[in-house]
Amino acid sequence: MFQLRIYTLKDDKTASLYMNEYWQRHLISLPKYGIKVEGVFKEKSKSSDQPCRVFAIVSFSKGVDAQASNQKYMDSPEFKSDMDGFPMENILNVESLDLARNEKLPFFDGLEAK
């Protein structure tokens, strides 16, 4: 199963920091909880002082309870360590959407967008 996670942050600078520093930490810790990071993207901001979103696509092995894995990670010392130094009030909203993939349609294989 795939999940799209949408993080709304207070502004473009904060979104860039979250994506470039804190998501780097998640890349190491999430696999320990059965969560594979497929890709992380930042919205192209129109204004530096407006809220900005970071999008992450993650996947779970067949039969893994995504909700339980997510909760276990959020309760873990790794999550606390990953987020150390980040003011959590800068995350305005988090949304998770479960996605169904059609195996007949392409999916990021070898994608290099410029």
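Residues numbered from 1 in each chain as written. Predicted model: local features only at pLDDT ≥ 70, side-chain atom pairs only at ≥ 80, totals over all residues. Heavy atoms only, no water.

Taking an unreviewed UniProt entry as the reference, the protein chain is identified by name as NIPSNAP domain-containing protein belonging to Companilactobacillus formosensis.

Chemist: For this particular structure, what's the right way to read the nonpolar core?
Modeler: Taken as a class, soluble globular proteins show a tendency for nonpolar side chains to be buried jointly. Formed by 21 residues in total, the largest nonpolar core has its most connected members in L9, Y18 and W23. Contributions of two or more residues to this core are made by β1 (2-9), α1 (12-29), β2 (35-42), β3 (52-60) and α2 (66-74). In terms of residues, this core owes the most to one element, β3, which gives five residues. Setting aside residues up to four positions removed in sequence, L9 forms contacts with T14, A15, Y18, P51, C52, V54, F86, N90, I91 and L92. (Core = buried A, V, L, I, M, F, W, Y, C linked by side-chain atoms within 4.5 Å. Buried < 20%, exposed > 50% of the residue type's maximum accessible area, 1.4 Å probe, protein only. Helix = DSSP H or I, 4+ residues; strand = E, 2+ residues; numbered from the N terminus. Contact = heavy atoms within 4.5 Å.)

Chemist: Is there a simple way to explain the pattern of salt bridges in this structure?
Modeler: If the charged atoms of two oppositely charged side chains come close together, the side chains can form a pair. In total, this model carries four salt bridges according to the counting rule given. In this structure, E38 engages K36 in a salt bridge whose closest nitrogen and oxygen atoms are separated by 3.9 Å. (Salt bridge = Lys/Arg side-chain N within 4 Å of Asp/Glu carboxyl O.)

Chemist: What exactly am I supposed to notice about the sheet that holds β1 here?
Modeler: In a beta sheet, neighbouring strands pair by backbone hydrogen bonds and run either parallel or antiparallel. With antiparallel pairing, four strands are arranged side by side in an open sheet as β2-β3-β1-β4. This sheet does not close on itself; its edge strands, each paired only once, are β2 and β4 (91-99). Ignoring which end each strand starts from, the neighbouring axes of this sheet average 20° apart. Bridge count between β2 and β3: seven bridges; the pairing is antiparallel. Its bridge partner lying in β3, I35 is registered against F60. Of the strands in this sheet, β1, β2, β3 and β4 are in contact with α1, which crosses β2 at around 160°. (Pairing = 2+ DSSP bridges. Axes fitted to C-alpha atoms, helices over the stretch in contact; angles between N-to-C directions.)

Chemist: When you look at the layout of surface pockets in this model, what are you seeing that I'm missing?
Modeler: A water-sized probe rolled over the atoms picks out the places where empty space is left. Its volume calculated, the largest pocket comes out at about 410 Å³. In terms of lining, the largest pocket is formed by 20 residues, of which the most central are R5, N70, M74, V94 and S96. Contributing elements (two or more residues each) for the lining of the largest pocket: β1, α1, α2 and β4. Counting residues per element, the lining of the largest pocket draws most heavily on α2, which supplies six residues. (1 Å grid on protein atoms, 1.4 Å probe; cavity = no way out; pocket = protein on both sides within 12 Å on 5 of 7 lines; lining within 4 Å. Points joined across faces, edges and corners; volume = space filled by probe spheres on them.)

Chemist: I keep staring at the pairing of β1 and nothing clicks. Help me out?
Modeler: Successive side chains on a regular strand alternate, one facing one side of the sheet and the next facing the other. The element β1 is largely enclosed, with a buried count of eight among its eight residues. Where burial is concerned, the two faces of β1 agree: the one with F2, L4, I6 and T8 and the one with Q3, R5, Y7 and L9 are both buried. Taken together, the eight bridges between β1 and β3 define a ladder with antiparallel strand orientation. Bridge pairing in β3 places T8 opposite R53. Across eight bridges, the pairing between β1 and β4 is antiparallel. Its bridge partner being in β4, I6 is matched across the sheet by E95.

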